[in-house]
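For reference, the chains in residue letters:
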Amino acid sequence: MELGPYLLRNGLSRPLIVTDPVVSQLNFLTDLVKDLQNRNISVETFYGIHKNPVKSDVYQGTNVFDEEERDCIVGIGGGAALDVARAITLRIHHREDLFKYDDLKGGDVFVTNEVPHFITIPTTAGTGSEVGRSAIISDDETHQKKILFSPKLLARIVFADPLLTMELPAFITAATGMDALTHNMEAFLVNMFHPMCDGIALKAISLIHNSLERAVNKPDLESRSNMLIASLMGAVAFQKGLGVVHSLAHPLSSLLDTHHGLANAVNIPYGMEYNIEGFEYKFAEIARALHLEDESGETVVKYLFELNDQINIPRKLSAIGVKQEHIETLADLALADFAHPNNPKPVSREDFKKLYLKAL
Ligand SMILES: NC(=O)c1ccc[n+]([C@@H]2O[C@H](COP(=O)([O-])OP(=O)(O)OC[C@H]3O[C@@H](n4cnc5c(N)ncnc54)[C@H](O)[C@@H]3O)[C@@H](O)[C@H]2O)c1
Ligand SMILES: [Fe+2]
């Protein structure tokens, strides 16, 4: 309940809370809204967002901000809600078509105006979007994911409270936790001189190793805290970039609406196996962070399969609705994805197809 005093200290009294339909019904949100109202803060909540958020969600939230004359934006939820909150923050003073600001087309140069005061409160431990500067929003029709990016979109303050994640269902904890692990492993493998991000990524990998299985099967405050901080660390580390696993995962969300974390979780052992050759020394460092006795890449891959087993993530894509007939389209989408150009090894369309077939 530090939000109310923070808003008042900053002269803010008309927040727009941006969340999702599930989180909007959780007790802590009702309590938070009551607490704000008791402090004479006027609260408006927008929660009409899709599972994989689309542009029209952002436009609707912006209308609420305008009509209700809000003075700041508080994103509360998982990565989806935080992405919409961040995109609304951008849109308030940037009213051209939202995708004009698409970072992949150099649209960040058009982010020239100020943005409203933006606050984030994560309720999942996965994307680390609370400390990010980008929002992933899909086109309503094509479902293609676009990235809106600007340093201006960094939250002014983050309230990262593990108590808000205590009630996360096991399957969401598992999927989001594997997303965090993927961020840290992929960021570490990006071939770039960035010892600070690398150190953060390795420490976060250790935290996840110590905590994810417990957070899923027998959650306590320590495991939840470790996962929340490791997720946030992943988002810091992946300023270096991501890699092949995220490019395998993104098309599953676009085509089949698969949850982002789950898509990464099933693909990560296969993507990591692909990366071993030539980068054995890096896998040895990951193996040490995972406290594995054998430092080979193959042992890291085995560890990933076994971790997935422990947290009920299937080993095969067919178990999450992928069919043979999807493979060609998935391979096209994966090749067009923005993540793999940072992968330490180049990935061709043929490679993507082989990886999908292996994982099927
Ligand atoms: N901006 C970025 O840098 C970035 C990075 C990675 C992923 N993403 C995006 O983030 C999204 C995925 O985010 P996510 O993995 O956090 O999932 P999510 O936001 O979709 O949340 C997963 C589910 O958990 C529910 N939930 C959230 N908090 C809860 C709580 N405390 N208790 C019970 N249920 C709760 C949500 O309602 C939802 O149904 C994707 O859209 C992805 O594209 C963004
Ligand atoms: Fe991710």
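Presented here is an overview of the structure given in this document. Bear in mind the structure is a predicted one, so any value in this text is a computation, not a measurement.

### Topic: the packing of aromatic side chains
Then, in step 1: Applying the stated rule across the entire model yields three aromatic pairs.
Then, in step 2: With a centroid separation of 5.8 Å and an interplanar angle of 80°, the aromatic rings of Tyr 6 and Phe 159 are classed as edge-to-face. Of this pair, Tyr 6 sits in helix α1 (residues 3-9) while Phe 159 is found in the loop between β7 (157-158) and α5 (170-189), placing the two residues 153 residues apart along the sequence. Each of the two residues, Tyr 6 as well as Phe 159, counts as buried.
Then, in step 3: The interplanar angle of 85° and the centroid separation of 5.3 Å between the aromatic rings of Tyr 270 and Phe 305 together place this pair among those described as edge-to-face. In this pair, Tyr 270 sits in helix α9 (residues 260-275) while Phe 305 sits in helix α11 (residues 297-310), placing the two residues 35 residues apart along the sequence.
Then, in step 4: Take Phe 305: its relative accessible area is 15%, and that puts it in the buried class.
Then, in step 5: A cation over a ring is seen here: Arg 91 above Tyr 59, with NZ or CZ 3.9 Å from the ring centre.

### Some remarks on helix α7 (residues 221-237)
Then, in step 1: If you check α7, its first and last C-alpha atoms are 24 Å apart, about what 17 residues at 1.5 Å a residue would give, namely 24 Å.
Then, in step 2: Where burial is concerned, most of α7 is hidden: 12 out of the 17 residues are buried.
Then, in step 3: As for α7, its buried residues are in contact with β4 (117-122), α5 and α6 (195-217).

### Things to note about the pattern of salt bridges
Then, in step 1: Using the criterion set out here, one finds 14 salt bridges in the structure.
Then, in step 2: With its nearest N and O atoms 2.6 Å apart, the salt bridge here joins Asp 198 to Lys 240. Highlighted residues: Asp 198 in helix α6 and Lys 240 in the loop between α7 and α8 (244-256), separated in sequence by 42 residues. As far as the burial class goes, Asp 198 and Lys 240 line up, both buried.
Then, in step 3: Through salt bridges that share partners, Glu 328, Asp 332, Arg 349 and Lys 353 make up one connected network.

So, how was this worked out
- The numbering scheme is per chain: residues are counted from 1 as the chain's sequence reads.
- Whichever chain is written first is A, and whichever ligand is written first is 1; the rest continue in order.
- Whole-chain, interface and lining totals are the exception, using all residues; otherwise, since this is a predicted model, local features are given only for residues with pLDDT of at least 70 and side-chain atom pairs are given and counted only at 80 or more.
- Side-chain numbers come from the whole structure's heavy atoms, not from hydrogens or water.
- Any two of the Phe, Tyr and Trp rings considered here, Trp counted by its six-membered ring, make a pair once their centres fall within 6.5 Å; the pair's planes then place it as stacked at under 30 degrees, edge-to-face at over 60, or tilted in between.
- Strands here are runs of E lasting at least two residues and helices are runs of H or I lasting at least four, both read from the DSSP assignment and numbered beginning at the N terminus.
- Only protein chains enter the accessibility calculation, which uses a 1.4 Å probe; a residue is then buried when its area is under 20% of its type maximum, exposed when over 50%, and partly exposed in between.
- By definition here, charges over rings are those cases where NZ of Lys or CZ of Arg is within 6 Å of the ring centre and within 35 degrees of the ring normal.
- In this analysis, the expected span of each helix is defined as 1.5 Å times one less than the number of residues it contains.
- Contacts are assigned to residue pairs with any non-hydrogen atoms lying within 4.5 Å of each other.
- Salt bridges are counted wherever a side-chain nitrogen of Lys or Arg sits within 4 Å of a carboxyl oxygen of Asp or Glu.

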